[in-house]
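This is what each chain is made of:
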Amino acid sequence: MADTKPTYEELEARLVEAEKIIEAIRAEEVDAVIGKDKIYLIRLKEMEKAVHESQEEARERSAEIEAIYNSAPVGLCFLGPDLRYIRVNQRLADINGIPVTDHIGKTVHEIVPQLAARAEEIYQHICQSGKPVFNAEFKWASASEPHLNRHWNEHWSPIKNVNGDLVGINVAVHDITERKEAEDMLQKAQERLEEKVAERTTRLDLLTEQLRELTMQLMVTERNERQRIAGILHDELQQFLVGAKIRLESLYQSLNSEDEQGKLDKSIQLIVESLKMSRSLTEELAPKAMEHESLGKIFEWVCDFMGKMHNLKVELVLDDEIEIRNGDIRLFLGQSVRELLFNVVKHSGVDAARIRLSRDKKGLLQIAVSDQGKGFDPSLIHETQPLGTHFGLFSMQQRLSFLEGSMKVETTQDKGTTCTLTLPLEGIEPPEVAEESTPPGNPSETIRAHKGSRIHVLVVDDHEVIREAFIALLEKEPDIKVLGHAEDGTQAIEMALRLIPDVVLMDINMQETDGIEATRAIHSALPEVQIIGLSIDDSKATVERMYASGACGFVGKDCGSADVLAAIREHGLRHKRRNAPSQSLPLM
Amino acid sequence: MNYSSDADSGNEEFAFQLFVAGEERHSDEAKQNLIQICESHIKGRYEIQVVDVFKSFDLALENSIFLTPALIRISPRPQITIYGTLSDTEKVLKAVGIEGN
């Protein structure tokens, strides 16, 4: 069909039609437009409304993000490729000291040149790995505080488009100076603390060492003092007492009245008691047995002592033979064991105990003192004892600990107590203690030999008082003649060989050459000479040693003078009988 | 071609075709408005054919209808087409040639 040109009227009509359509569209009263082969729905209002709403929402969100972005306490920026600032928040602008707008389009190198190299490094890393970089730390002075080097912590997060291509990087910058400073301070404080602790430890070690030395010194001093007092008791007091007793006894015969004799007898008994007490105290203060290096021997003495003094039956079990050269340690251990046995006597309610001496696997010395008694109150360990010969469990524990030893108390009610002392044997070598030497005694005057029917006696004693007392006693006896007197062992040997007495009254404890040695020498040269030991110490061991060296008798110095006279007569007459046919003079 | 827009004897009958797009809001409004106008002014003398362009696409094309809602006065002749929701009653009455009461 050929197109015919529309008429003017037709064109006008179409125009009117078109105007009506436009009007309807303008009035937004249209639903759909009908195309050649399709109907297009037009929901203008709804569309407009939806667009408006989403725009509003986008605006609100944008404002929110903007507010957060700008008020964030951390510096934020979005860097495009080539590290150009696309977006920067106020905080970062403040840090950099450059307005926000001046950042935009500029590179990191232009804004903060000092960080450019490091920023480039991180950027390259992100480009290659595609992963964010967290906690990158920078140290630099910001424009706002140019003289203060601050610590900055940065998070770099890559932003990618839907295809996964990198479009830029979000950077968050956080000031961690205060945290760093706090960490530094903490670190320094810890170092200082460690230094202090080390210092204190060193001081403590030093103090411990000093305390240990003091403990050793205390033990040495205590030992010396005990020996000094024991020495005074033995060498002075007891000798005076013996002297007094001998003199009183020699007076006894000259008294006629029984009443006077009775009174004197009482005085003599008092002296005898004093001697006993003094002797016991001497033994307690400085036991001779402590001179043994063998702990077994020392404990044997302790057992003997406890039996004699306290009726305690002590069984001694020696698993190992242990010798200790350090006299102070020996004394300390002996006294400790004695102390533990005293506790058995005081608290256990039984009259038997056991000492076990052994060496454990580590080589530590172990001394266990046990009983089967009623148990022991461990609080007594801390009970301080009054000053005296007992030094208390607490003190014992302390001293042991300073010697790197220990004390363990195991006690059960009615099932007994075991106290175990443990001590390392190494490192307890004796401290140097200077031994005082006594000057040799003056040579006594030589007394000529007088042979006859009387019993000739040589008096040997290092105490003048005793010598004189004996001489005074003996010279009253018509059948006894004192040939001479010597004040030490050497002089006694020399005089015995020269004078050939019937009897030698030999004191045992003398300086230099003692009575035992002198007896041995005299006996081997003149076996017929009767030697009678004299001592305040009448312990079994001493008596045995005296007999072993050749003595024929033994008299305690505190025995009655009648005993001394009887012994002299008995042995003197025996000598006289033996030598009756011919008396030989010694070769001089 | 007769134009009868200038005369209304008062008992003239009207026939309309209303082109709508389904249940779309404006189409619906147009339908309601048309019925109300007819009931108010030409009650008993009108006929409305509602054409859904989604169902009668060709009919729309034949009548050169390019927008909905669109109203065609079939009779009396000549055909008149108006567009929109027919909310301006005065304008509609005038356009389709119904005398005001």
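To keep things clear, this report deals only with the structure shown in the data block.

1. Some details on unusual backbone geometry
So, step 1. Here the bond from Ser75(B) into Pro76(B) is cis, since omega is -5°, no more than 30 degrees from zero.
So, step 2. Inspection of the secondary structure puts Pro76(B) in the loop between strand 4 (70–75) and strand 5 (80–83).
So, step 3. Look at the link from Arg77(B) to Pro78(B): it is a cis peptide, with omega at 0°.
So, step 4. Turning to its location among the elements, Pro78(B) is positioned in the loop between strand 4 and strand 5.
So, step 5. The backbone of Asp82(A) sits at a positive phi, close to 65°, despite the residue not being glycine.
So, step 6. In this fold, Asp82(A) is placed in the loop between strand 3 (75–80) and strand 4 (84–88).
So, step 7. Here the phi dihedral of Asp414(A) falls at roughly 65°; this positive angle occurs in a residue that is not glycine.

2. With respect to the sheet that holds strand 4 of chain B
Residues and elements named next belong to chain B.
So, step 1. In spatial order, the strands read 2-1-4-5; together these four strands make up an open sheet with mixed pairing. Each edge of the open sheet is held by one strand with a lone partner, namely strand 2 (46–52) and strand 5. In this sheet, adjacent strand axes meet at a mean angle of 20° when their direction is disregarded.
So, step 2. As paired strands, strand 4 and strand 5 are joined by four bridges and run antiparallel to one another. Following the sheet pairing, Ala70 is matched in strand 5 by Tyr83.
So, step 3. Helix 1 (residues 25–41) contacts strand 1 (14–20), strand 2 and strand 4 of the sheet and is inclined by roughly 165° relative to strand 1.

3. Topic: helix 11 (residues 393–402) of chain A
Residue and element names in this part refer to chain A.
So, step 1. Of all the positions in helix 11, only Leu393, Met396 and Arg399 are classed as buried. One side of helix 11 carries all its buried residues, which in axial view fall inside an arc of 125°.
So, step 2. Next to the buried residues of helix 11 lie helix 7 (177–254), helix 10 (327–348) and strand 11 (406–412).
So, step 3. Positive phi shows up at Glu404, right after helix 11, with a value of about 65°.

4. Here's the deal with the interface of chain A and chain B
So, step 1. Contacts between chain A and chain B engage 13 residues on the former and 17 residues on the latter.
So, step 2. Looking at the side of chain A that touches chain B, the elements with two or more residues in it are helix 1 (8–26), strand 1 (32–34) and strand 2 (39–41) of chain A.
So, step 3. When residues in the side of chain A that touches chain B are grouped by element, the largest group, four residues, is from helix 1 of chain A.
So, step 4. Of the residues contributing to the side of chain A that touches chain B, the split by class is nine nonpolar, no polar and four charged.
So, step 5. Alignment of strand 1 of chain A against strand 3 (residues 67–68) of chain B, held across two bridges, turns out to be antiparallel.

5. A closer look at the nonpolar core
Residue and element names in this part refer to chain A.
So, step 1. Within the largest apolar cluster, 49 residues are counted, with the highest numbers of intra-cluster contacts made by Leu458, Val504, Met506 and Ile532.
So, step 2. Looking at which domains feed residues into this core, each of domain 3 (199–286) and domain 5 (455–578) supplies at least three.
So, step 3. Excluding its chain neighbours within four sequence positions, the residues that come into contact with Val504 are Leu458, Val460, Ala492, Ala496, Ile522, Val529 and Ile531.
So, step 4. Met219, Leu312, Ile322 and Phe332 belong to the second largest nonpolar core, which has 36 residues in total.

6. Concerning the packing of helix 7 of chain A against helix 12 (residues 464–475) of chain A
Residue and element names in this part refer to chain A.
So, step 1. Running from amino to carboxyl end, helix 7 crosses helix 12 at an angle of 15°, the nearest separation of the two axes being 8 Å. On the basis of the axis angle, helix 7 is roughly parallel to helix 12. The crossing of helix 7 and helix 12 is left-handed. Listed contacts from helix 12 to Gln239, Phe240, Val242, Gly243, Ile246, Arg247, Glu249 and Ser250 of helix 7 are Val465, Ile466, Ala469, Phe470, Ala472 and Leu473.
So, step 2. Of the residues contributing to the contact of helix 7 with helix 12, the split by class is nine nonpolar, three polar and two charged.

7. Quick notes on the pairing of strand 3 of chain A
Residue and element names in this part refer to chain A.
So, step 1. Residues of strand 3 alternate between two faces, with Gly75, Cys77 and Leu79 buried on one and Leu76, Phe78 and Gly80 left unburied on the opposite face.
So, step 2. Summarising the sheet, strand 3 and strand 7 (residues 166–175) pair through five bridges and their orientation is antiparallel. Residue pairing across strands places Cys77 opposite Val171, the latter belonging to strand 7.
So, step 3. The loop that links strand 3 with its antiparallel partner strand 4 comprises three residues; one of these, Asp82, has a positive phi angle of about 65°.

8. Notes on the environment of Asp461(A)
All names here are of chain A.
So, step 1. Considering the arrangement of structural elements, one finds Asp461 in the loop between strand 13 (455–460) and helix 12.
So, step 2. We classify Asp461 as buried; it has 29 C-beta atoms within 10 Å.
So, step 3. Considering only alpha carbons, one finds Asp461 and Gln239, 222 residues apart in sequence, at a separation of 10.0 Å.

9. Brief notes about the sheet that holds strand 8 (residues 313–318) of chain A
Residues and elements named next belong to chain A.
So, step 1. The strand order across the open sheet formed by five strands is 8-9-10-12-11, and the pairing between neighbours is mixed. Taken across any chain shown, the strands that pair with only one partner, and hence form the sheet edges, are strand 8 and strand 11. For this sheet, the mean inter-axis angle between neighbouring strands, taken without regard to orientation, is 15°.
So, step 2. Sheet analysis places strand 10 (residues 364–371) next to strand 12 (residues 416–424), joined by eight bridges and oriented antiparallel. The residue of strand 12 that forms the bridge with Ala368 is Thr420.
So, step 3. The strands touched by helix 10 are strand 8, strand 9 (352–359), strand 10 and strand 12; relative to strand 10, the strand with the most contacts, the crossing angle is about 20°.

10. Details of helix 1 of chain B
All names here are of chain B.
So, step 1. For helix 1, with 17 residues, the first-to-last C-alpha span of 24 Å sits near the 24 Å given by 1.5 Å per residue.
So, step 2. When helix 1 is considered as a whole, its buried residues turn out to be His26, Ser27, Ala30, Asn33 and Leu34. Down the axis of helix 1, the buried side of the element spans an arc of 130°, and every buried residue falls inside it. Along helix 1, exposed side chains directed more than 90 degrees from the buried face belong to Gln36, Glu39 and Ser40.
So, step 3. Check the buried side of helix 1 and you find it contacts strand 1, strand 2, strand 3 and strand 4.

11. Considering the pairing of strand 1 of chain B
All names here are of chain B.
So, step 1. Where strand 1 and strand 2 come together, seven bridges link them in parallel fashion. Residue Phe19 lies in a different strand from strand 2, and its bridge partner there is Val51.
So, step 2. After leaving strand 1, the chain enters helix 1 and then returns to the sheet as strand 2, a path that is right-handed.
So, step 3. Where strand 1 meets strand 4, five bridges bridge the pair, whose relative direction is antiparallel. Residue Gln17 lies in a different strand from strand 4, and its bridge partner there is Ile72.

12. Overview of the environment of Leu264(A)
Residues and elements named next belong to chain A.
So, step 1. Structurally, Leu264 is set in helix 8 (residues 258–285).
So, step 2. Residues Leu264 and Glu249 lie 15 residues apart in sequence; the distance between their C-alpha atoms is 8.2 Å.
So, step 3. When neighbours within four sequence positions are excluded, Leu264 is seen to be in contact with Leu248, Leu251, Tyr252 and Leu255.

What counts, and where the lines are drawn
- Residues numbered from 1 in each chain as written.
- Chains lettered and ligands numbered in written order.
- Predicted model: local features only at pLDDT ≥ 70, side-chain atom pairs only at ≥ 80, totals over all residues.
- Helix = DSSP H or I, 4+ residues; strand = E, 2+ residues; numbered from the N terminus.
- Pairing = 2+ DSSP bridges.
- Axes fitted to C-alpha atoms, helices over the stretch in contact; angles between N-to-C directions.
- Contact = placed C-beta atoms within 7 Å.
- Buried ≥ 20, exposed ≤ 12 C-beta atoms within 10 Å, placed from the backbone.
- Arc of directions from axis to C-beta.
- Nonpolar A, V, L, I, M, F, W, Y, C, P; charged D, E, K, R; others polar.
- Core = buried A, V, L, I, M, F, W, Y, C linked by C-beta atoms within 7 Å.
- Domains from an automatic or database assignment.
- Parallel < 35°, antiparallel > 145°, perpendicular 65-115°, else oblique.
- Left-handed = near helix turned anticlockwise from the far one by under 90°.
- Expected span 1.5 Å × (residues − 1).
- Right-handed = clockwise from strand over helix to strand, strands pointing away.

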